[in-house]
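Examining the three-dimensional arrangement
Residues per chain, in single letters:
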Amino acid sequence: MPRSRVSLPAAAVLAAAAVSIPAASPRAADAPQVPGAVLEPVALAALPGWREDDGAAALDTFRRTCAGPGPNPPQAEAVTGSPADLAAACAAAAAVRPEGAKTFFEAHFSAYRIVRPASGKEPERRVGFLTGYFEPELTGSLEPGPGYTAPVLARPDDLVSLAPGETAPGLDPIYRAGRRTEAGLVPYPDRAAIEDGALGERTRPLLWLRDAVDLFVLQVQGSGRVRLPDGRGMRVLYDGKNGQPYTSIGKLLVAEGHLPINGLSLERWTAWLRANPDHARRLMRMNASYIFFRTEPVTDPALGPPGAAGVPLSPGRSMAVDGNLWRYGLPFWLEGKLPGQPGRGHLVVAADTGSAIVGPARGDLYVGTGAAAGRAAGDLHDRMGFIVLIPKPAPAETGPAKDSVQDAKAPARDPAVPEAAAGESRP
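We now turn to the structure provided with this report. (Residues numbered from 1 in each chain as written. Predicted model: local features only at pLDDT ≥ 70, side-chain atom pairs only at ≥ 80, totals over all residues. Heavy atoms only, no water.)

Examining the overall build of the protein
Each helix and strand in the protein was counted, giving ten helices and 19 strands. Across the 427 residues in the protein, those meeting the buried criterion constitute 52%. Here the contacts in the protein between residues at least 6 apart in sequence split such that 81% fall between residues at least 24 apart. (Helix = DSSP H or I, 4+ residues; strand = E, 2+ residues; numbered from the N terminus. Buried < 20%, exposed > 50% of the residue type's maximum accessible area, 1.4 Å probe, protein only. Contact = heavy atoms within 4.5 Å.)

Shown next, in the form of structure tokens:
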């Protein structure tokens, strides 16, 4: 499927890159209309912690996101964040020196605090909710054998994925993918059926992990790094799912009284599953959703897998958002103290999504790779203020020439399936 690129008049790109836009506080009348939210204008320079945060790191993540191939399928036109305005900001960012990062964001973006309107017992909720996710590091083998029993399956050839909002005739909208048959699309087999061999020769194992629990962790996170017996490493990336509804294993464990909700970490629930294999198989099969994968080499160990925006995730700077509300590439200021981070705020960039990341003030911060990142992600469940940075209007078109913003920035990486790190859900 072809990837979308944000087109921008060539003159506008050059103007955006060359002209310094004076910083000014946004007006409430100019705020975008976002479902489920009210946007209140704020001045970036006046935010507590703004001067102390590492603007250069945020700028680097922003530029990397700009240079990506974009989401596939593309986001809906109604998503907040003008593609042309964002492309102009991307072009302007190309020439910014690290020490000018804060000035760049102040000049080219208008900031709005995301206020959730009155709901239930809370008269007004001025903060959202932030969680964390990570890239697990697992051991595996290209061949099955003792200690390597759980196959990581490739995308089946009869799987048809549906874009956000897309429906198929005769297929219940609850299913986000279907199986191609002569009579049309039908629901794809669920987890239990797939584990029992329902796909036959429609798929193949890419490699084997040590057990079903490791495979389940990989599917929940959506991607991972795998270390092979000979010491080589590879990245295992999302390549589609069966479209069946997702059920949280954590909620099942708590609901059945196996573990308390307090302190329910990844390490704790995976240890419980391994210690109780009969219950584990039953509970994992209650999650009908199933993820398929592809593999690729690890080119930059410092970066994570590609997110929904199609670019590698930056630890501590890339955030998953509701992709039906916010355009990938928009910066967000997290208004609050983050575990392990200095200061009172943190500038991040929307670069991914997740099925549980729903709503205007909901985010999931990518924190890195491996066990330490997993512990940090498990500890990140905090109420958090969200401020979105909306790019200021791009200069008006002055000529008929058209160009792509892709030509005004660093070469894009090879296209990749964008939901690589999206996973099945977030806690």
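Focus on the sheet that holds strand β13 (residues 291-296)
Strand order across the open sheet formed by six strands is β6-β10-β5-β11-β12-β13, with mixed pairing between neighbours. Whereas interior strands pair on both sides, the edge strands pair on one side only; in this sheet they are β6 (150-153) and β13. Adjacent strand axes in the sheet meet at a mean angle of 45°, parallel and antiparallel pairs treated alike. Across two bridges, the pairing between strand β5 (residues 137-141) and strand β10 (residues 205-209) is antiparallel. Residue pairing for β10: S141 is matched across the bridge by W208. The sheet strands contacting helix α6 (residues 212-221) are β5, β6, β10, β11 (223-227), β12 (233-241) and β13, and the helix crosses β6 at an angle near 25°. (Pairing = 2+ DSSP bridges. Axes fitted to C-alpha atoms, helices over the stretch in contact; angles between N-to-C directions.)

A few points about the packing of helix α2 (residues 55-66) against helix α3 (residues 83-93)
Across the interface, α2 lies against α3 with an axial gap of 10 Å and an inter-helix angle of 120°. Looking at the two axes, α2 sits oblique to α3. Our pair here, α2 against α3, has a crossing hand that is left-handed. Of the residues in α3, those touching α2 at L59, F62, R63 and C66 are L86, A89, C90 and A93. Class assignment for the residues of the contact of α2 with α3 results in seven nonpolar, no polar and one charged. (Parallel < 35°, antiparallel > 145°, perpendicular 65-115°, else oblique. Left-handed = near helix turned anticlockwise from the far one by under 90°. Nonpolar A, V, L, I, M, F, W, Y, C, P; charged D, E, K, R; others polar.)

Structural notes on the pattern of salt bridges
Scanning the model with the defined rule gives 20 salt bridges in all. Between D53 and R317 there is a salt bridge whose closest N-O contact spans 3.0 Å. Residue D53 is located in the loop between β2 (38-42) and α2, and its partner R317 is located in the loop between β13 and β14 (318-320); the two are separated by 264 residues in the primary sequence. R317 carries the same exposure label as D53, and that label is buried. The residue D157 makes a salt bridge to R202 at a minimum N-O spacing of 3.1 Å. Of this pair, D157 sits in the loop between β6 and β7 (159-161) while R202 is found in the loop between α5 (191-195) and β10, placing the two residues 45 residues apart along the sequence. The class for R202 is partly exposed, based on a relative accessible area of 40%. It is possible to trace a salt-bridge network through shared partners that takes in D157, D158, R179 and R202. (Salt bridge = Lys/Arg side-chain N within 4 Å of Asp/Glu carboxyl O.)

Structural notes on the sheet that holds strand β9 (residues 184-187)
Across the sheet, which stays open at both edges, the three strands sit in the order β7-β8-β9 with antiparallel pairing between neighbours. Looking at strand neighbours, the two that pair on one side only are β7 and β9, the edges of this open sheet. Neighbour-to-neighbour, the strand axes of this sheet turn through a mean angle of 45°, independent of strand direction. In the sheet, strand β8 (residues 177-181) pairs with β9 via four bridges, with the strands oriented antiparallel. Directly across from G178, in β9, lies its bridge partner P187.

Observations regarding α6
With nine of ten residues buried, α6 lies mostly within the body of the structure. Inspection of α6 places V213, D214, L215, F216, V217, L218, Q219, V220 and Q221 among the buried residues, and these make up the whole buried set. The N-terminus of α6 is capped by D211, whose side-chain oxygen sits 3.2 Å from the backbone nitrogen of V213. G222 lies just past α6 and shows a positive phi near 95°. (Polar contact = N/O pair within 3.5 Å; in protein donor to acceptor, adjacent residues only side chain to side chain.)

With respect to the pairing of strand β4 (residues 128-135)
Burial of β4 is extensive: seven of the eight residues sit out of reach of the surface. In this sheet, strand β17 (residues 362-369) lies alongside β4 in parallel orientation, the contact comprising six bridges. From the neighbouring strand, F129 faces β17, where its bridge partner is R362.

Description of the packing of aromatic side chains
Taken as a whole and assessed by the stated rule, the structure comprises twelve aromatic pairs. For the ring pair F62 and F105, a centre distance of 6.0 Å and an interplane angle of 70° mean the geometry is edge-to-face. Here F62 is found in helix α2, whereas its partner F105 is found in helix α4 (residues 101-108), with 43 residues between them in sequence. For the pair shown, F62 and F105 are each scored as buried. With centroids separated by 5.4 Å and ring planes inclined at 85°, the aromatic side chains of W326 and F332 adopt a geometry described as edge-to-face. In terms of burial, W326 and F332 fall into one category: buried. Feature note: the residues F62, F104, F105 and F109 constitute an aromatic cluster, connected by ring pairs. Positioned above the aromatic ring of W50, the side-chain terminus of K102 is 5.3 Å from the ring centre. (Phe/Tyr/Trp six-rings, centres within 6.5 Å; stacked < 30°, edge-to-face > 60°. Lys NZ or Arg CZ within 6 Å of the ring centre and 35° of its normal.)

Describing unusual backbone geometry
Most of the time, phi is negative for any residue but glycine, and the peptide bond is trans. Each neighbour pair has its own omega, and for N72 with P73 the value is 5°, a cis peptide bond. Among the structural elements, P73 can be located in the loop between α2 and α3.

As for the nonpolar core
One finds F62, F105, W326 and F332 to be the most contacted residues of the largest nonpolar core, which totals 58 residues. Ranked by residues supplied to this core, first place goes to strand β18 (residues 381-391) with six residues. Not counting residues up to four positions away in its chain, the partners in contact with F105 are L44, W50, G55, A58, L59, F62, P331, L347 and L389. With 24 residues, the next largest nonpolar core counts L138, L218, Y290 and F293 among its residues. (Core = buried A, V, L, I, M, F, W, Y, C linked by side-chain atoms within 4.5 Å.)

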